[in-house]
Structure formats: structure tokens, C-alpha cells
Amino acid sequence: MIEFPFIGGTSSKNSIAFSTHRTVNLYPEKDETYKGQVVLQGFPGYSKWSSLNDGAVRGMLPFKNKLVVVSGNTVFSVSPGGSSTQIGSIGTSEGYISMDENGVELMIVDGNSGYIWDGGSFTEITDTTFQATNATHVTHMDSFFVVNQKDSGAIWVSDSFDGTTWSATRTATAEFKSDYVVSLWSDRELMLSGDKTTQIYYNSGASPMPFEALRAGRIIYGIASPFSVAIVNNSSHLLAQDSNGGIFAGRMNGYTIERISTRALEREWASFPDFQSAFGLSIHWKGHEFYILTFDIADTGFGRTFAYDASTSLWFEIGLFKSALGDFQKWDVRSHCFFDGKNIVGDSAGNLHTLSDSVYTFDGETMVSLRRAPVVHESRNRMFIHKLEIDMEVGTSTVMSGQGSDPLIMLDISQDGGRSWRSRNQNLGASGEYLQRVQWHQLGSGYDMVFQVSVSDPVPRKFIAGYVA
């Protein structure tokens with residue numbers, strides 16, 4: 001048998017003539033000591049940890065041994081173990097919020113107002129200088145909170161360790177061409193991004209305004225989506241754009257933004273009607289750091305979620321298979337943080353969940369893991385495939401042999417480069433059947449053969465290699 005390049009990441013599903021690669025709910029892992037250098041592991045499912053039920057989880061952040069969560073317009077303090085207490089409310093109930101903390105206070109902004117929680121009292125910021133900003137973003141750096149002024153190029157800085165007090169002289173205007181500051185964040189230095197360019201500021205210690213522009217820190221790329229920023233692998237990742245209208249996923253490397261997305265994905269994302277409202281998350285899962293980018297509408301109307309693995313530089317997708325759509329919709333996760341020794345994610349219904357690689361559903365909804373391989377061809381000559389074997393983990397079902405239905409893997413076969421399909425199933429073996437071979441025979445012929453496998457039964461998913469004869 002001959003090994004073919006079965007393992008890989010995701011390309012654009014709209015570029016099937018160029019690449020049929022697609023990987024959903026599986027992430028790549030380097031394993032240079034085994035049969036192949038990269039294998040595919042099953043992405044973790046999740047189960048409910050706490051229900052807030054007050055609207056979509058718009059943000060959350062650990063603070064003073066509590067998890068502060070904004071669900072709808074309600075702010076909760078969640079204790080280790082998952083019990084929640086309402087600590088306040090904000091003036092908006094949907095849309096993005098931004099939050100950060102300085103060790104003494106936690107601050108929330110929602111594009112209209114700002115709020116402070118010190119661990120005891122939750123109050124709205126009444127300082128008139130701050131109120132005029134209508135800030136959409138807040139970050140913390142060197143004891144100061146920094147916010148943008150909505151629909152302007154200005155930033156404002158709080159008093160040291162005091163988010164309730166703002167001076168009219170502690171401000172600056174970013175030195176953009178004609179941009180507004182639509183996003184700001186801290187990444188060793190203060191990053192201010194417009195839609196065409198990015199400017200870096202540093203703490204010079206000056207008074208009254210401690211932050212000054214770094215002359216070497218002008219970047220010719222701006223941000224395509226203001227809430228797409230996430231820190232992954234010690235670097236800022238974001239959906240960036242240039243002044244000519246191109247968008248791409250990038251990461252900061254010094255004073256430049258490096259492209260990490262493929263051209264095919266960029267072309268697909270640019271066609272989405274909502275790319276300017278995509279949002280980014282970071283998740284560190286068992287040695288893998290993921291940058292996760294979600295489009296709420298995308299090309300399906302139900303959104304799509306893409307993930308970049310910093311350890312392998314490969315993209316994959318996360319999502320729930322929707323039968324009526326015949327495709328995957330977005331991952332219903334709006335926020336993530338590590339708290340109480342767990343990876344906690346919040347969904348659009350106000351629920352908090354814990355990620356687990358021994359859970360094979362998204363809170364009870366079946367999680368389908370799919371791998372579609374590249375085209376198998378032989379210099380445009382007709383090929384006859386007598387056998388296909390997938391080397392993968394087997395014999396891990398909780399069902400004992402002879403005591404119920406064994407788990408299945410579905411094979412979809414295309415003889416025309418991925419444009420039409422026919423299906424066949426195969427057994428993955430019951431518990432302890434470690435010698436089970438996943439094989440299909442007499443698969444027909446074609447000029448451009450594509451093989452796609454998927455697993456929906458509650459079993460571990462690990463794909464190692466693919467072979468044909």
C-alpha cells in the first residue's frame with residue numbers, strides 16, 4: 001500500500017478546484033517520533049459548568065479569585081465550583097464589550113459607558129472626561145487604564161490604579177493618516193490600531209501624559225475587525241487589513257505584522273458580509289495555543305469558526321454540523337478564559353462550559369469530526385482504487401464487543417474532485433479491539449479521487465495516516 005497525504009489542515013471550501021483540504025473539529029499535532037510527523041487529534045467537546053441565562057456571554061475575566069462574567073446586561077461574579085452572584089448591570093445588553101484589570105480594579109466598557117468593580121462594589125464611572133469618550137476598548141498598562149475615544153483618533157489615560165478618575169490633560173491623538181483608533185491593547189507596549197495603520201506607544205514617564213508614540217513603531221497595516229485581537233504564543237494575533245482592501249490573519253513580530261493565513265482563506269473571508277465584525281479568542285489546550293476567529297454570518301448565514309494552531313502553523317475549523325444546511329456552522333463560543341484549573345467557555349445563551357477531550361459533544365449536541373484529504377490522482381490518468389486504509393485510534397469505545405452497536409466511521413468518496421459524493425461506513429471496533437483495521441475495498445476509479453472521513457460517535461478521534469492500493 002502507498003501512503004498518500006491524508007493528514008493536514010483546512011483550505012478554503014470555495015476553492016475546491018485548487019485544494020480539497022478540510023479539517024473540522026480536529027487539530028494537528030506534531031509527533032515526529034511516530035509514523036508521521038503530524039497527526040490529527042480530536043478537538044475537545046464541552047459540558048455545562050454554570051448557567052447564568054441572562055443573555056450571550058459578552059466577556060469574562062478572572063479577578064481576585066472570582067470569574068467576572070458579562071451575560072447580556074448583567075455582571076456576575078462566579079466562584080470556583082461555578083456558583084454565581086449578580087454584582088451589577090451595564091447599560092447595553094448585546095454587542096461587544098471590553099474589560100481589563102490592574103490588580104486593584106476591574107474595568108468594563110461597552111461603547112457607551114464604563115464600570116468599575118473593586119471586588120466589593122460595582123459602580124459606573126461618572127468622571128465627565130471619561131464619559132465623553134464612549135470608549136469601546138480598555139486595556140491596562142503600567143498601573144494605568146487606557147481607553148479609546150469612539151469615532152476619533154484620541155486615547156485617554158486614567159489616574160494610576162484609579163479607573164474612576166481621568167484628567168483632561170492625560171490624552172494623546174494617534175498619528176494615523178486619517179484613521180480612528182478602533183482597537184487598542186497591551187502587548188509589552190501600547191498598540192493603537194486604525195483600519196489602515198497601527199501605531200505603537202510606550203511609557204516614557206512624561207507628565208501629565210505618560211505614553212508617547214514610538215517613532216519606529218508605525219505599521220502600514222490596520223485592523224479589519226476591532227475585536228479580532230487575541231494574545232497567542234506570546235504575540236498579538238488579529239484580522240488585519242491593508243490600505244488597498246486586502247484582509248489577512250496576522251501576528252505581531254516586533255514592529256511588523258506577519259501573515260499567518262493562506263491566500264485561499266483570505267479570499268474566502270473577504271467574501272463574508274461580516275468580516276469586519278469577526279471576533280478572536282485564544283485557547284491554550286494541552287501544549288497547543290490556538291487563535292480562534294469566528295464570523296457570525298459568513299457564507300452559510302449561520303457563521304463559521306476557523307482556528308490557527310501556533311505549534312504547527314496549520315488552520316482547522318470548529319463547529320456544529322447543521323443537517324438542514326449540510327455544512328458546519330460556527331462554534332457557539334463567545335468568550336474563553338482559564339479559571340479554577342479549567343478552560344471555561346461562554347456561549348450565546350449565557351451558559352459557561354468546561355472543555356474536555358473525553359466529552360464528544362457540544363453540551364449534548366453531536367460533535368462531528370471531519371477530515372477531507374487532498375485529491376489523489378496519477379498525472380490525469382484514470383486511477384483504480386482497490387483498497388483504502390485509515391490508520392487511526394480504534395478499540396476505544398465504551399461498548400464491549402457483542403454488547404451493542406460498535407462505533408462507526410463514515411467514508412465519503414468523490415470521483416470528480418470533491419463535487420459529488422457517495423458514502424460507505426466502517427467499524428471502529430468495540431472496547432479492547434485494538435487490532436481492528438479501518439479498511440474499505442473496491443472503491444472504483446476516477447481521475448480526481450477525494451476521500452473524506454467523519455466520526456460522530458462518542459469515541460476518541462485520532463487520525464495518523466492514510467494508505468491506498
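Right above here is the structure, for reference.
Now for a look at the structure at hand.

Procedures and definitions
Residues numbered from 1 in each chain as written. Predicted model: local features only at pLDDT ≥ 70, side-chain atom pairs only at ≥ 80, totals over all residues. Heavy atoms only, no water. Buried < 20%, exposed > 50% of the residue type's maximum accessible area, 1.4 Å probe, protein only. Helix = DSSP H or I, 4+ residues; strand = E, 2+ residues; numbered from the N terminus. Pairing = 2+ DSSP bridges. 1 Å grid on protein atoms, 1.4 Å probe; cavity = no way out; pocket = protein on both sides within 12 Å on 5 of 7 lines; lining within 4 Å. Points joined across faces, edges and corners; volume = space filled by probe spheres on them. Nonpolar A, V, L, I, M, F, W, Y, C, P; charged D, E, K, R; others polar. Axes fitted to C-alpha atoms, helices over the stretch in contact; angles between N-to-C directions. Polar contact = N/O pair within 3.5 Å; in protein donor to acceptor, adjacent residues only side chain to side chain. Contact = heavy atoms within 4.5 Å. Phe/Tyr/Trp six-rings, centres within 6.5 Å; stacked < 30°, edge-to-face > 60°. Core = buried A, V, L, I, M, F, W, Y, C linked by side-chain atoms within 4.5 Å.

Thoughts on the pairing of strand 19 (residues 189–193)
Alright, step 1. Most of strand 19 sits out of view: 4 of its 5 residues are buried.
Alright, step 2. Direction of pairing for strand 18 (residues 183–187) relative to strand 19: antiparallel, over a ladder of 5 bridges. By the bridge assignment for strand 19, Ser186 is matched with Leu190.
Alright, step 3. Following strand 18, the chain reverses through 1 residue before pairing antiparallel with strand 19; Arg188 in that reversal takes a positive phi of roughly 70 degrees.
Alright, step 4. When strand 19 meets strand 20 (residues 198–203), the two strands line up antiparallel, connected through 4 bridges. Looking at strand 20, one finds that Leu192 is bridged to Gln199.

What about empty space enclosed by the protein?
Alright, step 1. Taken as a whole and judged by the stated rule, the model has 1 cavity of 30 Å³ or more.
Alright, step 2. Volume-wise, the largest cavity comes out at about 40 Å³.
Alright, step 3. When grouped by side-chain class, the residues that make up the lining of the largest cavity number 5 nonpolar, 4 polar and 1 charged.

Section: the sheet that holds strand 19
Alright, step 1. Taken together, 4 strands build an open sheet; the order of strands is 18-19-20-21 and the sheet is antiparallel. Of all strands in the sheet, those bounded by a partner on one side alone are strand 18 and strand 21 (211–219). The average undirected angle you get between the axes of adjacent strands in this sheet is 30 degrees.

Some points on the sheet that holds strand 9 (residues 84–89)
Alright, step 1. A sheet is described by the order of its strands in space; here 4 strands give the open sequence 6-7-8-9, paired in antiparallel fashion. Among the strands making up the open sheet, the edge pair consists of strand 6 (57–63) and strand 9. The average undirected angle you get between the axes of adjacent strands in this sheet is 25 degrees.
Alright, step 2. Pairing analysis gives 5 bridges linking strand 7 (residues 66–71) to strand 8 (residues 74–78), with the strands arranged antiparallel. Note on strand 8: the bridge partner recorded for Val68 is Ser77.

Details of the side chain of His336
Alright, step 1. In this structure, His336 sits in strand 33 (residues 335–339).
Alright, step 2. At 2.9 Å, the side chain of His336 and the backbone oxygen of Ser282 are in polar contact.
Alright, step 3. Within the local environment of His336, its side chain forms a polar contact with the side chain of Asn343, the two groups lying 3.0 Å apart.
Alright, step 4. Setting aside its immediate chain neighbours within four residues, His336 contacts Met60, Leu281, Ser282, Ile283, Asn343, Ile344 and Val345.

So, the packing of aromatic side chains
Alright, step 1. In total, this model carries 28 aromatic pairs according to the counting rule given.
Alright, step 2. Look at Phe43 and Phe316: their rings are 5.9 Å apart centre to centre, the planes differ by 50 degrees, and that puts the pair in the tilted class. One end of the pair, Phe43, is in the loop between strand 4 (38–42) and strand 5 (45–51); the other, Phe316, is in strand 30 (residues 314–318), and 273 residues separate them in sequence.
Alright, step 3. Using a relative accessible area of 3% as the deciding quantity, one classes Phe43 as buried.
Alright, step 4. The buried category is assigned to Phe316, whose relative accessible area is 0%.
Alright, step 5. Consider the rings of Phe321 and Phe328, whose centres lie 5.3 Å apart with planes at 75 degrees: the pair is edge-to-face.
Alright, step 6. In this structure Phe321 comes out as partly exposed when scored by relative accessible area, which is 35%.

Concerning the layout of surface pockets
Alright, step 1. Roughly 1,300 Å³ of internal volume is contained in the largest pocket.
Alright, step 2. Around the largest pocket, the lining is made up of 42 residues, and of these Met60, Met99, Val229, Gly280 and Leu281 lie nearest the centre.
Alright, step 3. Within the residue set of the lining of the largest pocket, elements represented by two or more residues are strand 6, strand 10 (98–101), strand 14 (138–141), strand 18, strand 23 (230–232), strand 27 (279–285) and strand 33.
Alright, step 4. Put simply, the second largest pocket is a space of about 410 Å³.

Brief notes about the side chain of Ser183
Alright, step 1. Note on placement: Ser183 falls in strand 18.
Alright, step 2. In terms of polar contacts, Ser183 uses its side chain to reach the backbone carbonyl oxygen of Pro226, at 2.9 Å.

So, the nonpolar core
Alright, step 1. Core analysis: the biggest nonpolar cluster contains 27 residues, and Leu388, Ile390, Met392, Ile409, Trp440, Phe451 and Phe463 have the highest contact counts within it.
Alright, step 2. Contributing elements (two or more residues each) for this core: strand 39 (383–392), strand 40 (408–414), strand 42 (438–446), strand 43 (450–455) and strand 44 (462–468).
Alright, step 3. In this view, Trp440 contacts His386, Lys387, Leu388, Ile390, Ile409, Leu411, Arg424, Asn425, Gln426 and Val453; residues no more than four positions away in its chain are not counted.

Quick notes on helix 2 (residues 263–270)
Alright, step 1. Among all positions in helix 2, only Ala264, Leu265, Glu266, Glu268 and Trp269 are buried.
Alright, step 2. Contact partners of the buried residues in helix 2: strand 24 (235–241), strand 25 (247–253), strand 26 (256–259), strand 28 (288–295), strand 29 (304–309) and strand 30.

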